[in-house]
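Architecture and fold: a report
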Amino acid sequence: MNLREKDFKIMKKGILFLFGIIFSLSCFSQTRLDSVQQLDEVVLKSDKFLKTFSNTQSITTLKDTVLSRSAPSLTQLLNYNSNIYFKENGLGMVSSPSFRGTTAQQTVVAWNGININSQFNGQTDFNTINIRNFDAVSVRSGGGSVLYGSGAIGGSIHLNNDIAFNEGFKHSIYANYGSFNTLDLGVKSGFSSKKISAEIAISRSSSDNDYDYVDSDKTNLNGAFYNQSVSANFGYKVNAKNVIKLYSYLYDGEREFSFIFPSETPTKYQDLNSRNMLEWNGLYGKFISTLKLAYLTEHYKYFANSNSDIYSFGEAKTLIGKYDLSYRVFKDAMLQGVVDITNTSGEGSSIGESKRTISSFSLLYKQEINSFLYEAALRKEITSNYDSPLLYSLGLQYKFGENYTVNVNGSKNFRIPTYNDLYWEGSGNTNLKPETSNQVEMGHQLDFKNVSFSATGFYNDIKDMIRWLPAGSNWQPVNTDHVETYGLESTLDLKYHLKEHQFAIGGTYAYTVSKNKETDLQLIYVPKHKGTATFNYQYNRAAFYYQTLYVGEVFTLSDNNPKYILDAYLVSNIGLSYALGKEKQFTLGAQIKNMYNENYQSVANRFMPGINYNFYLNFNF
Amino acid sequence: MKKQFKFLAFTLFFGLLITSCSNDDDNSSIPQEPLGDYENGILVSAEGGPSSVSYISNDFSTVENNIYANVNTEELGVYLQSIGFDGNQAYIISDNVNTINVVNRYTFAKETAITTGLYTPRYIGFANGKGYVSNWGSGSDAIDDFIAVIDLSTNTVESTIPVGEGPEQIISNNGKIYVSHKGGWSFNNIITVIDTNTNLTTTITVNDVPDEMFINNSGELVVLCEGKPGWSGSETNATISKIDVTTNTVTETLNFAAGVHPSQMSSENGEIYYQANNEVFVMSETSSSLPTASIVNLGTINTYGMAVKGDKLYVTDAKDFASLGDLNVYDLTTNTLENTFTVGVNASKIYFN
C-alpha cells in the first residue's frame, strides 16, 4: 500500500466516524436546545465561516441600497465599493480582479459558502455574476484557504442567500433601463412561515453595449451581451433541532467579445452554470452539525467565429460532500471539525475527460477570553493530483475598550493547478505544485457612534506561481514566479443626521505593491493606488448620492517600461432617488454615470463608455 | 506636431544635402535622393501586443521603435505576423485583425489598408502584379484555409484559392507561388504550388511542419520541415528537404536527429543557416549532410526570429513574451555578439530595407 492509498483509507475512516457522530447525535441527543438566537445567527446563514471564523480579518458586506444602486455585474459593484482592482476588457467583457495585488486565480468567489471558481481556468469572470439574485455580497480580505480552499490568497467574495422564516409574503421588482439599450431586471418572490421558507428570484441583464468612445469617432463594436439567472432557495424547519435547506441557481449568458479594430472576426462566448446545494443543520446542545451536499456544473462554449456553428467547449461537473461539526467547549470557546470530498469530472475540446478527487480535513478552534479572542485553524488536503501543503491560519484580536480593536492574522494559503494547467492536450503539466502563500496582516479598527475607520497592513509572499511558458514550439505551465505583495487597505464610514437630513460618507483606499522577487518590478495591471468614495444625502423620501472611483496608473509590460502604461483615471457617478407610497415601497431613481465623461481604459485599447444614463424602479411589496 | 517636426527636420536635411551638392564641382555622380527615413536599415517587426516595427540603420547609429505609429499616429493591430515588400511598398500583415496595412517602405507613410476578404492572414508573396496572401481562416475550421489574391493596383482581394490546412510562408519563383503548410493550429506536411497564370494548384508532400523556404543557387526549393514536436504525441523528425521545381518532387532529404526541431532558417552567399535549441548552425547549400557543430550559442534567450545578411547574424529575443524584446547582432567573421538593440514586444521578423 503506498502513502496515498493509506491516506485515503484513513480519510474514509474519518468520514465514517464523523457520519457516525452526526447520526448518534441526531437520534439520541437529549440535551436542551441552545438559544433560538443561535439558530438564527449561525444556522440560517449559508456561509457560517464569515460569522464564526473570520473575526480577525476584515469583512465588508454590501446589501440593500448599495446593491440596488449598482449595475448588475459583480465587477461594477465591487469596483465602486471595495479595495479590489478590476481589469475589464471593455464594459461587460472579461473581467478579472486583483485583490491585494494578486492574480485573478488568487481570489475566490464563494456561492453560499462553496468555492465556485472555474475548474478550467481557476478564476471567476466577475462579469458573469449577476448580483440581483443575492441578498448580500461580502468581501473578505486576506488569506482564507483554510476555510474556502484553493485560491483564497488575496481574499474572497461571498454571494449569499439568507433563508428567512416567519416573514410572510415578500416580493420585489427591480427594473432599470439605460443608455446603449441596457436593461436590468430582477424579480424576487418569497414566502415564509414559522416552518417553511421559499424564495425564487429571476434576473436578466442585457445590453447592446455599442457605446461611442470618448474623444474618438470609434464605437464599441461586437460588444453586446445578455445573461439571465434563476435562483430558488427553500428552508424547512423539521423541528427545533433540525433545519433542511436547498439552494439552487442557474445562470445562462452570452457575450460577444468587443473589437479593437472593426476588421476583426466576431467572436462570442456562452456560459451555462448551475449550482445546487442541499444542507442539513442540526443543533444538538453544544453541538452544531452541518451536512452539505452540492452539485455544480459549468459549461462554456467559445465561438471563434460568431457566424459559424463551430465552437470549442469545456464542461465540468463537481460533486461536493461536506460535513462540519462544531462543539461549544466552554461558553466562549468553540471547536470545529470539517471533512469534505470534492469530486470533479471535466472535459473539453482540448481536454480529455479527466477526473479528480480532493478530500480535506480541517480543525478549527476559537476562544474568547474577556477582551481577547483567538482563532486557529488547520487544513490538509489529500489528492493524487499534486502535493498539498498543510494550510493554517492563526488570528488574534484584542479589544481596547469599546472603540478600538486590533487584529493580527497569519496564514498559509494555496491555489491548486487548474484543469487547463494539468490536462490541456499536449501542454498540461501534471507535475505542477500548488502556488503557496504565506501572509501576515495587522488590522486596526476604530468604531464610534457615527464614525468607523479601519486600516490593515499586509504582507504576502507567494511562491511557485504558475505561468505558461514556451517549451520548444509549445507552451506549458510551470511553477516559476515568486511574488511579494504588501500594502495597506483602509475604509472610512461616517454617518450623521440632523432631524430628517441624513448624511453618509464612505470611502476605501488601497496602496498595493506587488512585485516579482526576481526582477523587483511591479506586476502588470496592478495599480499602486486605488480609492473609492461615496457620499449619500437623504431627506425624507428623497436621496442624492455621488460615487467616485480612482485607479492609479498601471504598467502593461512586465519590464515596467514607462512608455507602456495606462493612465490613472477618476470616474464619478451621481444618482437621485425618490420613494413613493405609504410604506415608501416604490423607489424611482435616475443615475448619470461617468458624469465628467472621463476617457479611460482598464486594459490597453479597451475603452470604457463616457457619460451615460439610466433610470430605475424598485418596488417592494 | 511630431510629424511637422519630422517634416521640418527632413526638409532641412534635404536642403543641406542639395546645398552641399551644388557646391560640389565634381559632377560625375548625382547623389541619390534619400527615399525616406527608413531606408538603408533593418526593420524588425514585433507581433505584440502591442504590435510594432522598429528601424535600425545599417550603420547602427539610428534606432527608432514604433515607426508605424510614429509616422501614422495609429496602432497596428495584433498580431503582426509578417511584412512583405514589393516595389516601394511594404505590406504589414496583422493576423487577428484581418488586416494588411500598405505603407511606403521607406517613409512608412500609410497608403491604404486591406481590411476585407482576409481571415487570419499570415504571409504575402508577389507575382505578376498580384499579391498572394496565406490565410488560416477560423482556428476551429480545418477546411476554410485559402490564398487571397490581391490586385496590387487597387489593393483589393480579387479572388481566393482554397488550399489545405495552415498555409504559412510564401515565396515566388518564375511565375509560381510556393506555400508551406505548417498546419495552423494543427500540423500539416504539404507545399502548395500555384501557377499564377491559371491559379491552379498542385501539392508536394514533404515532411511534417514545413515552414521556412528559399530558392537556392541551383534553382531548387529548399524547405525546413520542423517535424512534429514531442508534445503532439506523435513526434517526427525534422528535415531540410530539397525540391526540384520542374518536377515538383523531393530530391534530397537531410534528417535531423530525433527530438531536434529547428525553427528558423536563412540563406546567404550559398550557405544555409538554421537555429535549433538556441544554437545556430551553418552548412553549404550543396552539402549532403547536416553540420555537427554549431557556430554560435545564443545562450538562455527565447529565440523568436533569425536572419543572416552579409557577415551579420540577427536574432530576436522575446524575453518573457510580455516585455520589450531585443535584437542581437552577431558578427559572423568572429561569431561573437556585436550589438544589442531594444525592439518591440515578441519581435519575430527581421527585414533589410
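Here the structure is a predicted model, which is why all the values come from computation and not from measurement.

Describing the overall build of chain A
Along its length, chain A carries seven helices and 34 strands. Against the compact-globule benchmark of 25 Å for 621 residues, chain A has a radius of gyration of 24 Å, which places it among compact chains. Projecting the C-alpha coordinates of chain A onto the three principal axes gives extents of approximately 75 × 70 × 50 Å. Residues classed as buried in chain A amount to 54% of the 621 residues present. Looking at chain A alone, contacts between residues at least 24 apart form 62% of all its contacts between residues at least 6 apart. When the accessible area of chain A is evaluated, it comes to approximately 26700 Å², of which 58% is carbon and sulfur surface.

Brief notes about the overall build of chain B
Secondary structure assignment for chain B yields two helices and 28 strands. Over its C-alpha atoms chain B spans a radius of gyration of 21 Å, differing by no more than 12% from the 20 Å that the globule rule assigns to 353 residues. Summarising its shape, the C-alpha atoms of chain B cover approximately 65 × 50 × 45 Å along the three principal directions. Burial statistics for chain B: of 353 residues in total, 52% are counted as buried. Considering only contacts in chain B between residues 6 or more positions apart, those separated by 24 or more positions represent 41%. Total accessible area computed for chain B in this model is approximately 14800 Å², and 49% of it derives from carbon and sulfur atoms.

Describing the sheet that holds strand E21 (residues 271-276) of chain B
Residues and elements named next belong to chain B. In spatial order, the strands read E20-E21-E22-E23; together these four strands make up an open sheet with antiparallel pairing. Two strands lie at the open edges of the sheet, namely strand E20 (264-268) and strand E23 (296-297), each paired on one side alone. Bridge count for E21 against strand E22 (residues 279-284) is six bridges, and the pairing is antiparallel. Paired with Ala276 across the two strands is Glu279, which belongs to E22.

Re unusual backbone geometry
Residue and element names in this part refer to chain B. A cis amide bond, omega 0°, links Gly48 with the succeeding residue Gly49. Along the chain, Gly49 turns up in the loop between strand E1 (41-46) and strand E2 (52-57). For the peptide bond that leads from Gly49 to Pro50, omega is 0°, which places it in the cis range. Residue placement: Pro50 occurs in the loop between E1 and E2. A positive phi angle is found at Asn174, which is not glycine, with a value near 50°. Mapped onto the elements of the fold, Asn174 is located in the loop between strand E12 (167-173) and strand E13 (176-181).

Remarks on the pattern of salt bridges
Applying the stated rule across the entire model yields 28 salt bridges over all chains. Between A:Glu353 and A:Lys355 there is a salt bridge, and its shortest N-O distance comes to 4.0 Å. A relative accessible area of 59% places A:Lys355 in the exposed class. Across the pair B:Asp311 and B:Lys312 runs a salt bridge whose closest N-O atoms are separated by 3.6 Å.

Thoughts on the interface of chain A and chain B
Taken residue by residue, the interface counts 18 residues in chain A and 24 residues in chain B. Contact between chain A and chain B buries roughly 1800 Å² in total, counting both sides, with carbon and sulfur atoms accounting for 57%. Put simply, chain A and chain B have nine residue pairs in polar contact (both at pLDDT 80 or more) between them. Mapped onto the side of chain A that touches chain B, the elements with two or more residues apiece are strand E22 (451-471) and strand E23 (474-498) of chain A.

Quick word on the confidence of the model for chain B
Segments scoring low in pLDDT should not have their predicted coordinates read at a detailed level. Residues and elements named next belong to chain B. The predicted model of chain B averages 91 in pLDDT, with 91% of residues at 70 or higher. Within the model, the stretch residues 1-28 combines pLDDT values under 50 with 13 contacts to residues more than four positions away or in other chains. Interface predicted TM-score (ipTM) for the complex: 0.87; the corresponding pTM is 0.90.

Notes on the packing of aromatic side chains
Residues and elements named next belong to chain A. Tallied over the entire structure, the rule returns 42 aromatic pairs over all chains. The structure contains a cluster of three or more aromatic residues connected by ring pairs, namely Phe120, Phe257, Tyr269, Tyr300, Tyr302, Tyr419 and Tyr423. When the ring centre of Tyr174 is taken as reference, the NZ or CZ atom of Arg132 above it lies at 4.1 Å. If you follow Lys237 out to its NZ or CZ, it ends over the ring of Phe165, 4.5 Å from the centre.

Some words on the nonpolar core
Residues and elements named next belong to chain A. Counting 31 residues, the largest nonpolar core has Leu74, Leu77, Leu78, Val137, Ile157 and Leu159 as the members making the most contacts within it. Sorting the residues of this core by element identifies helix H5 (74-81), strand E4 (107-111), strand E6 (136-141), strand E7 (155-160), strand E12 (242-257) and strand E14 (287-303) as the ones contributing at least two each. Here this core gets four residues from one element, more than from any other, and that element is E12. Ignoring sequence-local partners within four residues, the contact set of Val137 consists of Thr60, Thr61, Leu62, Leu67, Leu74, Leu77, Leu78, Ile131, Ile157, His158 and Leu159. Membership of the second largest hydrophobic core comes to 18 residues, among which are Ala110, Met334, Val338 and Leu391.

A short note on the sheet that holds strand E24 (residues 303-309) of chain B
All names here are of chain B. Spatially, E24-E25-E26-E27 is the arrangement adopted by the four strands of the open sheet, whose pairing is antiparallel. Here the strands that pair on one side only, and so sit at the sheet edges, are E24 and strand E27 (336-345). Each strand axis lies, on average, 20° off the axis of its neighbour in the sheet, ignoring direction. Inspection of the sheet shows E24 paired to strand E25 (residues 312-317) by six bridges, in the antiparallel sense.

Some words on the pairing of strand E11 (residues 156-162) of chain B
Residue and element names in this part refer to chain B. Here strand E10 (residues 146-151) pairs with E11 via six bridges, running antiparallel. Following the sheet pairing, Ile150 is matched in E11 by Val157. As consecutive antiparallel partners, E10 and E11 are separated by four residues, and within that stretch Asn155 has a phi angle of approximately 55°, a positive value.

Observations concerning H5(A)
Since the α-helix turns once every 3.6 residues, residues separated by three or four places project in the same direction. Most of H5(A) sits inside the fold, with eight of its eight residues counted as buried. Inspection of H5(A) places A:Leu74, A:Thr75, A:Gln76, A:Leu77, A:Leu78, A:Asn79, A:Tyr80 and A:Asn81 among the buried residues, and these make up the whole buried set.

Overview of the environment of B:Tyr132
Residue and element names in this part refer to chain B. Within the fold, Tyr132 resides in strand E9 (residues 130-135). Among the residues examined, Tyr132 registers a relative accessible area of 1% and is labelled buried. A distance of 3.4 Å separates polar atoms of two side chains, one belonging to Tyr132 and the other to Asn199.

Some points on the environment of A:Asn281
Examined against the element boundaries, A:Asn281 turns out to sit in strand E13 (residues 267-284). Taking relative accessible area as the criterion, A:Asn281 reaches 1% and is therefore assigned buried.

Some thoughts on the pairing of strand E18 (residues 372-382) of chain A
All names here are of chain A. Bridge count between strand E17 (residues 351-369) and E18: 11 bridges; the pairing is antiparallel. In the sheet register, Gln367 faces E18, and the bridge partner there is Tyr374. Taken together, E17 and the strand that follows it, E18, pair antiparallel across an intervening segment of two residues, in which Asn370 is found at a positive phi of about 55°. Relative to strand E19 (residues 391-400), E18 runs antiparallel, the two sharing eight bridges. The partner of Glu375 across the bridge, within E19, is Gly395.

Comments concerning a nonpolar patch on the surface
Judged by side-chain polarity, A:Ile173, A:Val187, A:Ile200, A:Ile202, A:Val230, A:Leu250, A:Leu272 and A:Phe621 come together as a nonpolar surface patch covering roughly 650 Å² of accessible area. A residue is classified by how much of its surface remains accessible, and A:Ile200, at 43% relative accessible area, is partly exposed.

A word on the side chain of A:Ser68
All names here are of chain A. With respect to the helices and strands, the residue Ser68 is situated in helix H4 (residues 65-68). According to the relative accessible area criterion, Ser68 is buried, its value standing at 13%. Look past the residues within four positions of Ser68 in its chain and what remains in contact with it is Arg132, Tyr174, Tyr616 and Asn618.

So, the confidence of the model for chain A
The share of residues in chain A with pLDDT of 70 or more is 93%, and the mean pLDDT across the chain is 92. Confidence drops under a pLDDT of 50 for residues 25-36 of chain A, and excluding neighbours within four residues, the segment shows 14 contacts in the predicted structure.

Section: the side chain of A:Glu88
Residues and elements named next belong to chain A. Position of Glu88 relative to the elements: it lies in strand E2 (residues 85-88). Summary of buried charges: Glu88 has no salt-bridge partner, and the nearest side chain of opposite charge, Arg255, is 7.6 Å away. Polar side-chain contacts of Glu88 include one of 3.0 Å to the side chain of Asn127. Sequence-distant contacts of Glu88, that is, excluding residues within four places in its chain, are made with Thr75, Met93, Val94, Ser95, Asn127, Ser602, Val603, Arg606 and Met608.

Digging into the environment of A:Ser326
Residue and element names in this part refer to chain A. Summarising the element assignment, Ser326 is placed in strand E15 (residues 312-330). Between the alpha carbons of Ser326 and Gly143 there is a distance of 22 Å; along the sequence they are 183 residues apart. In this view, Ser326 contacts Lys286, Phe287, Ile288, Met334, Leu335 and Gln336; residues no more than four positions away in its chain are not counted.

Reading the values: the criteria
- Residue indices follow the written sequence of each chain, beginning from 1 at its first position.
- Working convention: letters from A go to chains and numbers from 1 go to ligands, in the order in which they are written.
- Under the rules for a predicted model, residues below a pLDDT of 70 receive no local features and side-chain atom pairs below 80 are neither given nor counted, while totals for whole chains, interfaces and linings still include all residues.
- Processing note: side-chain calculations cover all non-hydrogen atoms of the structure and skip hydrogens and water entirely.
- Each helix corresponds to a stretch of at least 4 residues labelled H or I by DSSP, and each strand to a stretch of at least 2 residues labelled E; elements are numbered beginning at the N terminus.
- Two things to know: the radius of gyration comes from C-alpha atoms, and the globule rule equals 2.2 Å times the number of residues to the power 0.38.
- Classification of residues uses two cut-offs on accessible area relative to the type maximum, computed with a 1.4 Å probe and protein chains only: under 20% is buried, over 50% is exposed, and between them is partly exposed.
- By the convention used here, residues are in contact when the closest approach between their heavy atoms is within 4.5 Å.
- Surface exposure here means Shrake-Rupley accessible area, sampled with a 1.4 Å probe, where a residue is shielded only by the protein chains that are shown.
- At least two DSSP bridges between two strands are needed for those strands to be called paired.
- For this analysis, a salt bridge means a side-chain nitrogen from Lys or Arg found within 4 Å of a carboxyl oxygen belonging to Asp or Glu.
- The term buried area refers to how much accessible surface (probe radius 1.4 Å) is lost by two components on association, counted for both of them together.
- Residues adjacent in sequence count toward polar contacts only when both atoms are side-chain atoms; beyond that, a polar contact is any pair of N or O atoms within 3.5 Å, and within protein one must be able to donate a hydrogen and the other to accept it.
- Looking at any residue, its pLDDT shows the predictor's confidence there, from 0 to 100.
- Think of it this way: a Phe, Tyr or Trp ring, Trp meaning its six-membered ring, pairs with another when their centres are within 6.5 Å, and the plane angle makes it stacked under 30 degrees, edge-to-face over 60, tilted otherwise.
- For a ring to carry a charge above it, either NZ of a lysine or CZ of an arginine must fall within 6 Å of the ring centroid while also lying within 35 degrees of the normal to the ring plane.
- Each nonpolar core is a collection of buried residues, namely Ala, Val, Leu, Ile, Met, Phe, Trp, Tyr and Cys, held together in the definition by side-chain atoms within 4.5 Å.
- Helix axes use the C-alpha atoms of the stretch in contact, all axes being lines fitted to C-alpha atoms, and the angles between their N-to-C directions lie in the range 0 to 180 degrees.
- What goes into a patch is any residue over 30% in relative accessible area without a salt bridge, connected to like charges within 9 Å or, for nonpolar side chains (Val, Leu, Ile, Met, Phe, Trp, Tyr), within 5 Å.
- Working convention for charge: Lys and Arg count positive, Asp and Glu count negative, and His plus the chain ends are omitted.

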